[in-house]
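# Inside the fold
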Amino acid sequence: MSDALGTATPSGGNLHAKITVPDGLGGWHVVQLVQNGKVSAQVPFYVMESIVGRGTSSIVVKEGSTFTIHLKGVGWTQLDNTVGVDYDNSYIGYGCGFNSNGDVLLHINATGGPGTHLIDLYPMLYSLSPSFASTPYGMVPVLTYAQDEPGLALGYHLPAFRFAITVVK
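For every chain, the first residue of the written sequence is number 1, and numbering continues from 1 along that sequence. Where local features are concerned, this predicted model is filtered to residues with pLDDT of at least 70; where side-chain atom pairs are given and counted, the filter is 80 or more; whole-chain, interface and lining totals use all residues. Water and hydrogen atoms were dropped before computing side-chain values, which therefore reflect all heavy atoms in the structure.

What follows deals with the packing of aromatic side chains. Geometrically, a pair of aromatic rings is defined through the distance of the ring centres and the angle of the planes. Only Phe, Tyr and Trp rings are paired, with Trp represented by its six-membered ring, and only when their centres lie within 6.5 Å; those with planes under 30 degrees apart are stacked, over 60 edge-to-face, the remainder tilted. If you walk through the whole model with that rule in mind, you get 3 aromatic pairs. On the numbers, 5.9 Å between centres and 85° between planes, the contact of Y46 with Y156 is edge-to-face. Pair noted here: Y46 is in strand β2 (residues 38–47) and Y156 is in the loop between α1 (145–148) and β10 (161–168), with a separation of 110 residues, a long-range link. For Y156, a relative accessible area of 8% translates into the label buried. Ring centres of Y122 and Y145 lie 6.1 Å apart, and the angle between their planes is 55°; this geometry places the pair in the tilted category. Of this pair, Y122 sits in strand β9 (residues 115–124) while Y145 sits in helix α1, placing them 23 residues apart in sequence. Think of it in three bands: with a 1.4 Å probe and only protein chains considered, a residue is buried below 20% of the maximum accessible area for its type, exposed above 50%, and partly exposed in between. Looking at Y122, the relative accessible area reads 14%, which means it is buried. On the basis of relative accessible area, Y145 is assigned to the partly exposed category, the value being 24%. Three or more aromatic residues link up through ring pairs in this structure, and these residues are W28, Y46 and Y156. Secondary structure elements follow DSSP: runs of H or I no shorter than four residues count as helices, runs of E no shorter than two count as strands, and numbering proceeds from the N terminus.

Below you can see the structure in the form of structure tokens.
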């Protein structure tokens, strides 16, 4: 799928155009210069995952209530479309950006009793498609993402996020 980001008219052998890069769908994309229906030049760019606002809907949550974490820029490939969710160092599930155009809203129940609780989001390899069924280490958080995430060699720089909430009675 391609979206026109703008138009430009060459002048003196140069081409200048301001574009706004959409920040929803993360990962690698490309800006192409199309003349007469043919691509004459292109340049890649990378949209990184980011937190929307302060990230959590609330930092003080009543025990048993639901709070949300909001991310944008989640990617669309097996390498970058899934984030593993750890709550107090326990894996509780994942969020996927493939069918949401990179906009991920995680709904999490505040558990564990009163006090501070940590929620960590880590990159993970999506492997629930039959095409990826034999993916080693699929669907588990990559805790050593900064050194070992498989997409590093391809220029993927997937972040991890840490949030803290206070659960009250």
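Once the structure has been displayed, the description carries forward.
It is worth spelling out a nonpolar patch on the surface at this point. Where nonpolar side chains cluster on the molecular surface, the patch consists of I59, V60 and V168 and spans about 230 Å² of accessible area. Along the chain, I59 falls in the loop between β3 (50–56) and β4 (60–62). Here I59 falls in the partly exposed class, since its relative accessible area comes to 45%. For patch detection, residues must exceed 30% relative accessible area and be free of salt bridges, and they are connected within 9 Å for like charges or within 5 Å for nonpolar side chains (Val, Leu, Ile, Met, Phe, Trp, Tyr). Throughout, the Shrake-Rupley method with a 1.4 Å probe supplies accessible areas, and for residues the shown protein chains are the sole cover considered. Each reported salt bridge corresponds to a side-chain nitrogen of Lys or Arg within 4 Å of a carboxyl oxygen of Asp or Glu.

Pairing within the open sheet is mixed, and its 5 strands lie in the order β4-β10-β9-β6-β7. Unpaired on one side and paired on the other, β4 and β7 (90–96) mark the two borders of the sheet. Between one strand and the next, the sheet's axes are offset by a mean angle of 35°, whatever the strand orientation. Any two strands with at least two DSSP-identified bridges between them are counted as paired. With 6 bridges joining them, strand β6 (residues 82–87) and β7 adopt antiparallel strand pairing. Bridge pairing in β7 places D86 opposite Y91. Axis definition: a line fit to C-alpha positions, over the contact stretch in the case of helices; interaxial angles, taken between N-to-C directions, run 0 to 180 degrees.

The 3 strands are arranged β3-β5-β8 in an open sheet whose pairing can be described as antiparallel. The open sheet has two edge strands, β3 and β8 (104–109), and neither has a second partner. Put simply, the sheet's adjacent strands are angled 20° from each other on average, direction ignored. One ladder, built from 6 bridges, connects strand β5 (residues 66–72) with β8; its direction is antiparallel. Within β8, the position partnered with T68 by the bridge is H107.

The subject of this paragraph is the pattern of salt bridges. Summed over all chains, the structure comprises 2 salt bridges. A salt bridge links E63 to K169, with the nearest nitrogen and oxygen atoms 3.7 Å apart. Of this pair, E63 sits in the loop between β4 and β5 while K169 is found in the segment after β10, placing the two residues 106 residues apart along the sequence. Exposure remark for K169: the relative accessible area of 73% places this residue in the exposed category. Taking the shortest distance from any N to any O, the salt bridge between D120 and R162 comes out at 2.6 Å. In this pair, D120 sits in strand β9 while R162 sits in strand β10, placing the two residues 42 residues apart along the sequence.

As a further point, take the pairing of β5. Within a regular strand, the side chains alternate between the two sheet faces. When β3 meets β5, the two strands line up antiparallel, connected through 3 bridges. The residue bridging S50 from the neighbouring strand is K72, located in β5.

These figures come from the coordinates and say nothing about function on their own.
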